[in-house]
Amino acid sequence: ERFGIEGAVISAVDLVRGIGALAGLEIIRVPGATGLADTNYEGKAAAALAALERVDFVYVHVEAPDEASHDGDTALKIRCLEDFDQRLLTPFLHGIAHAPVVVAVLPDHATPLAVRGHTSEPVPFAMTGPGIIPDGVTQFSEQACAAGAFGIVEGPRFVSHLFHRDT
């Protein structure tokens with residue numbers, strides 16, 4: 001309502017779907033979306049592309065890397081991140097290649113493997129699309145992203161950048 005847009009959420013996690021419902025987002029359930037390493041990445045990408053035909057904003061939540069971190073499984077976390085990149089993000093970006101869409105990629109919180117739990121440090125993000133000026137950051141890490149043009153961004157400012165609105 002604040003930004004005058006309609007949106008949807010795609011997640012296998014009840015908490016995320018509940019927050020989405022409370023925010024007035026359409027809840028999209030994807031068959032095979034599990035919240036684990038075996039989740040249906042391709043289905044989430046396809047559902048997000050289909051949703052963008054009718055809504056302005058889609059939040060796609062992927063829980064698998066977080067769960068691998070809770071388990072302390074480095075190899076599984078790497079595989080989950082690679083699967084996210086190759087099986088969800090790449091097809092999604094191809095699907096919107098000629099659309100005026102802003103895309104942001106970021107974790108919802110940090111879950112370091114060494115801690116096996118959530119921590120409160122800032123998370124890296126990548127954002128691209130109309131109105132987003134490239135800043136030369138070439139790595140996706142906490143340090144590299146913090147040194148980029150956005151620097152460390154608090155939540156409300158991040159949302160303003162995402163929706164191209166002033167807070």
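All values reported here derive from a predicted model rather than from experimental measurement.

**Here's the deal with the nonpolar core**
So, step 1. One finds Ile10, Ile28, Tyr41, Val58, Phe92 and Val103 to be the most contacted residues of the largest nonpolar core, which totals 22 residues.
So, step 2. For this core, the secondary structure elements donating two or more residues are strand E1 (7-10), helix H2 (41-51), helix H4 (74-95) and strand E4 (103-105).
So, step 3. With five residues, the single largest contributor to this core is H2.
So, step 4. Setting aside chain neighbours within four positions, we find Ile28 in contact with Ala8, Val9, Ile10, Ser11, Ala47, Ala51 and Arg54.
So, step 5. Ile132, Val153, Phe158 and Phe163 belong to the second largest nonpolar core, which has nine residues in total.

**Considerations on the sheet that holds E1**
So, step 1. Judged by pairing direction, the sheet is parallel, and its three strands sit side by side in the order E2-E1-E3 without closing on themselves. The outermost strands of the open sheet, each flanked by one partner alone, are strand E2 (26-28) and strand E3 (57-60). Strand-to-strand, the axes of this sheet are offset by a mean angle of 20°, without reference to chain direction.

**Some remarks on helix H1 (residues 14-22)**
So, step 1. For H1, the complete set of buried residues consists of Val16, Arg17 and Gly20. Across the axial projection of H1, the buried residues extend over an arc of 100°, all falling on one side. Exposed residues pointing more than 90 degrees away from the buried face of H1 are listed as Asp14, Leu15, Ile19 and Leu22.
So, step 2. Buried residues belonging to H1 abut E1, E2 and E3.
So, step 3. Gly24 lies just past H1 and shows a positive phi near 85°.

**Brief notes about the pattern of salt bridges**
So, step 1. According to the stated counting rule, one finds four salt bridges in the structure shown.
So, step 2. We note a salt bridge from Arg87 to Glu42, for which the minimum N-O separation is 2.7 Å. Of this pair, Arg87 sits in helix H4 while Glu42 sits in helix H2, and the two are 45 residues apart along the sequence.
So, step 3. On the basis of relative accessibility, which here comes to 27%, the residue Arg87 falls in the partly exposed class.
So, step 4. Overlapping salt bridges, with partners in common, bring together Glu42, Asp83 and Arg87 in one network.

Quick notes on the rules
- Residues numbered from 1 in each chain as written.
- Predicted model: local features only at pLDDT ≥ 70, side-chain atom pairs only at ≥ 80, totals over all residues.
- Heavy atoms only, no water.
- Core = buried A, V, L, I, M, F, W, Y, C linked by side-chain atoms within 4.5 Å.
- Buried < 20%, exposed > 50% of the residue type's maximum accessible area, 1.4 Å probe, protein only.
- Helix = DSSP H or I, 4+ residues; strand = E, 2+ residues; numbered from the N terminus.
- Contact = heavy atoms within 4.5 Å.
- Pairing = 2+ DSSP bridges.
- Axes fitted to C-alpha atoms, helices over the stretch in contact; angles between N-to-C directions.
- Arc of directions from axis to C-beta.
- Salt bridge = Lys/Arg side-chain N within 4 Å of Asp/Glu carboxyl O.

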